[in-house]
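Now for the letters of each chain:
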Amino acid sequence: MKTMKYFVVGAMLSITATSMAQEVDFNTALQPIAQAMKENPTAVEKMAKTYMGQFKKDPNALIALGSAYLTVKNFDKADEIADMVILKYKKDMAAQAEAYILKGDIEAIKDQAGDGGSAASHYATAMSLDPKNPQGYMRYAAVYRTISPKIVEQTYAKLREELPNFPIDAEAAHSFFGGGLFAKAFENYAKCNLDQLDEAKLVEYVIAAFQTGKHADALKVATYGGNKFAKNATFAQLGMWSAVENKKFDEALKIAQRYFAMDGDKNATDYTYFGKAFLGAEQHTDALAQFNKALEVSADATEPLARISETYKKMGDEDKALEYSEIYMQKNPNASPSDYANLAGIYAAKAEKGIDPAVNYKKSIGIYDKMAAKFPVIASWAHMIAAGIADKSG
């Protein structure tokens, strides 16, 4: 329910802002009250009483006050206001729906460790009272996004029937992204027109694409976002990463130059990708410089060690390649079969150059034996490769 909590707070503030934009008077009046809730709680009761008297005929103003109370986790006051609207505006279905959405938000934030059932019940009531209010559907779907994708899809289908022009795919993607469901977020963002997505949603889209291995899509979105929002470093950062993953190394280097000129700290992964771009472009000295910079930024990083080894191997310096490969294997308990194969390949390359062939072939075979022991599922393949090396060694 924690992700639901953050979704609710963000959405709640968004709704409040939208309503307030329509009623500038109560927006202006509510601002000092909201500030006092954070800085001077003892003054709030009198200020709120005056506010409620001034806007007693406006349910939107009352709901906005309830939302402000909820923002500072004053659940009792928020719930009191929601109940007041329900009792006072029995014939106003839109107001009733907003009140039940507020009650759902209260339960969602209170019930962080639960299944969201209480919140969902209130959101369902809001949906039935005002089928044209999209927020009831969006909140209801958010409760179930990690529990039942089928319910989520059914909810969005109902919303689409009621409001065919509502940007359901974008909002659904945003909801899934907030729940860490990147595959579902990507699936829904892929249905959207890029021109209709704001900056924040474009950022979510490119992250979801990259996280799900859709690197070509990630590069496309990053390029679009970077052209439209040139100061947003995320587009340049993930654009560089995605270009490398797509083996478009020259493009990656161009993006990297722009990204590293932007303000803000750069992490070890950034420098590693910069180095991989240079490595792919056969600029080995520059690649080594970036990989070493990554290690300076994070001494615990392991991928730069593997890439330094790879770079030295391409430069024909097997001794240095072995040095860094062995350090990498020692520091990385999660080394993959390909990591073992790379290390074995370096020993084999030395042997093929005539450098202590018997010793280096034996070491290469030993690496494959270790691989077979650690990864039983590919043991037969590892033994086959080892046998081939043994044949070479005579």
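Provided above is the structure to which this section pertains.
Counting restarts for each chain, with residues numbered from 1 along the sequence as it is written. Note on the predicted model: pLDDT of at least 70 is required for a residue's local features to be given, and 80 or more for side-chain atom pairs to be given and counted; whole-chain, interface and lining totals, by contrast, use all residues. The side-chain quantities take in all heavy atoms of the structure and omit both hydrogens and water.

Colleague: Help me understand the environment of His122, please; the structure alone is not making it clear to me.
Modeller: Within the fold, His122 resides in helix H7 (residues 117–129). Relative accessible area serves as the criterion here: at 18%, His122 is assigned to the buried category. The spatial distance from the C-alpha of His122 to the C-alpha of Leu70 is 16 Å, given a sequence separation of 52 residues. A run of H or I in DSSP becomes a helix once it reaches four residues, and a run of E becomes a strand once it reaches two; helices and strands are each numbered from the N terminus. For each residue, the accessible area found with a 1.4 Å probe, counting protein chains only, is set against the maximum for its type, and the residue is called buried under 20%, exposed over 50%, and partly exposed in between.

Colleague: Help me understand the packing of aromatic side chains, please; the structure alone is not making it clear to me.
Modeller: One pair of aromatic rings is described through two measures. These are the centre distance and the angle between the planes. Aromatic pairs are defined between Phe, Tyr and Trp rings, using the six-membered ring for Trp, whenever the two ring centres lie within 6.5 Å; interplanar angles under 30 degrees are classed as stacked, those over 60 as edge-to-face, and all others as tilted. Within this structure, the stated rule accounts for 17 aromatic pairs. Ring geometry for Tyr368 and Trp381: centres 6.2 Å apart, planes at 70 degrees, overall edge-to-face. In this pair, Tyr368 is assigned in helix H21 (residues 357–374) and Trp381 in helix H22 (residues 379–393), connecting sequence segments 13 residues apart. Given a relative accessible area of 8%, Tyr368 falls into the buried group. Judged by its relative accessible area of 38%, Trp381 is partly exposed. Through a chain of ring-to-ring contacts, three or more aromatic side chains come together here, namely Tyr259, Phe260, Tyr271, Phe274 and Phe278. Looking at Lys266, its charged tip hangs above the ring of Tyr259, at a distance of 4.9 Å from the centre. It is Lys276 that lies over the ring of Tyr273; its NZ or CZ is 4.2 Å from the centre. Counted as over-ring charges are cases with an Arg CZ or a Lys NZ within 6 Å of the ring centre that also lie within 35 degrees of the ring normal.

Colleague: I'm lost on unusual backbone geometry in this one. Help?
Modeller: For residues besides glycine, phi is generally negative; the peptide bonds are generally trans as well. Residue Lys73 is not a glycine yet carries a positive backbone phi of 60 degrees. Of note, Lys73 is situated in the loop between helix H4 (59–71) and helix H5 (75–88). The exposure class of Lys73 is partly exposed, given its relative accessible area of 45%. In this structure, Lys247 is a non-glycine residue whose phi angle is positive, near 60 degrees.

Colleague: How should the side chain of Gln290 be read in this particular structure?
Modeller: Looking at the secondary structure, you find Gln290 in helix H17 (residues 284–297). Among all residues touching Gln290, those that are not within four sequence positions of it are Tyr271, Phe274, Gly275 and Phe278. Two residues qualify as a contact provided that any one of their heavy atoms is within 4.5 Å of a heavy atom in the partner residue.

Colleague: Mind showing me how you'd approach the nonpolar core here?
Modeller: Residue types Ala, Val, Leu, Ile, Met, Phe, Trp, Tyr and Cys, when buried and joined through side-chain atoms within 4.5 Å, form a set referred to as a nonpolar core. By size, the foremost hydrophobic cluster in this structure holds 121 residues, and its most contacted members are Tyr51, Leu65, Tyr69, Tyr156, Leu197, Met240 and Tyr368. Here this core gets nine residues from one element, more than from any other, and that element is helix H6 (residues 93–110). The contact partners of Tyr156, leaving out residues within four places of it in the chain, are Met138, Ala141, Ile168, Glu171, Ala172, Ser175 and Phe176.

Colleague: Would you take a moment to explain the packing of helix H14 (residues 233–245) against helix H15 (residues 249–260) for this structure?
Modeller: Two quantities define a packed helix pair, namely the angle between the helix axes and the distance between the axes. Angles run from 0 to 180 degrees between N-to-C directions of axes, and those axes are lines fitted to C-alpha atoms, restricted for helices to the stretch in contact. Contact geometry for H14 and H15: axes closest at 8 Å, N-to-C directions at 155 degrees. Between H14 and H15, the interaxial angle falls into the category roughly antiparallel. Crossing angle aside, the handedness with which H14 passes H15 is left-handed. Across the interface between the two elements, Ala233, Ala236, Gln237, Gly239, Met240, Ala243 and Val244 from H14 touch Phe249, Glu251, Ala252, Ile255, Ala256, Arg258, Tyr259 and Phe260 from H15. Residue polarity follows a fixed list, in which Ala, Val, Leu, Ile, Met, Phe, Trp, Tyr, Cys and Pro are nonpolar, Asp, Glu, Lys and Arg are charged, and the others, Gly among them, are polar. When its residues are assigned to classes, the contact of H14 with H15 shows eleven nonpolar, two polar and two charged. Throughout, the term roughly parallel applies to angles under 35 degrees, roughly antiparallel to angles over 145, roughly perpendicular to angles from 65 to 115, and oblique to all others. What makes a crossing left-handed is the near helix being turned counterclockwise from the far one by less than a right angle; a clockwise turn instead makes it right-handed.

Colleague: Can you walk me through the pattern of salt bridges in this structure?
Modeller: A side chain with one charge can pair with a side chain of the opposite charge if their charged atoms come near. A carboxyl oxygen of Asp or Glu within 4 Å of a side-chain nitrogen of Lys or Arg is what we treat as a salt bridge. Overall, the coordinates contain 18 salt bridges when judged by the stated rule. The salt bridge partner of Lys103 is Asp79, with a shortest N-O separation of 2.7 Å. Of this pair, Lys103 sits in helix H6 while Asp79 sits in helix H5, and the two are 24 residues apart along the sequence. Notably, a salt bridge pairs Glu318 with Lys353, separated by 3.0 Å at the nearest N-O pair. With Glu318 in helix H19 (residues 318–331) and Lys353 in the loop between helix H20 (337–352) and H21, the pair connects residues that are 35 residues apart, well separated along the chain. One salt-bridge network, held together by shared partners, links Lys276, Glu303, Arg307 and Glu310.

Colleague: What is the right way to read helix H8 (residues 134–144) from this model?
Modeller: Residues spaced three or four apart along an α-helix face the same direction, because each turn holds 3.6 residues. Of all the eleven residues making up H8, ten are buried; the element is thus mostly covered by neighbouring parts of the structure. Capping of H8 at its N-terminal end is provided by Asn133; its side-chain oxygen lies 2.9 Å from the backbone amide nitrogen of Gln135. Polar contacts, as used here, are pairs of N or O atoms within 3.5 Å; protein pairs need one atom able to donate a hydrogen and one able to accept it. Residues neighboring in sequence count only if both atoms are side-chain atoms.

Colleague: Please clarify how the side chain of His284 should be interpreted in this entry.
Modeller: Turning to its location among the elements, His284 is positioned in helix H17. Of note is the side chain of His284, whose polar atom sits 3.1 Å from the side chain of Glu282.

Colleague: Help me out: how do you make sense of the packing of H6 against H7 in this one?
Modeller: Orientation of H6 relative to H7, taken along the N-to-C sense of each, is 170 degrees, at an axis distance of 8 Å. The pairing of H6 with H7 is recorded here as roughly antiparallel in orientation. As H6 packs across H7, the resulting crossing turns out to be left-handed. From H6, Met93, Gln96, Ala97, Tyr100, Ile101, Lys103, Gly104, Asp105, Glu107 and Ala108 reach across to H7, where they touch Ser118, Ala119, His122, Tyr123, Thr125, Ala126 and Leu129. The class makeup of the residues in the contact of H6 with H7 is nine nonpolar, five polar and three charged.

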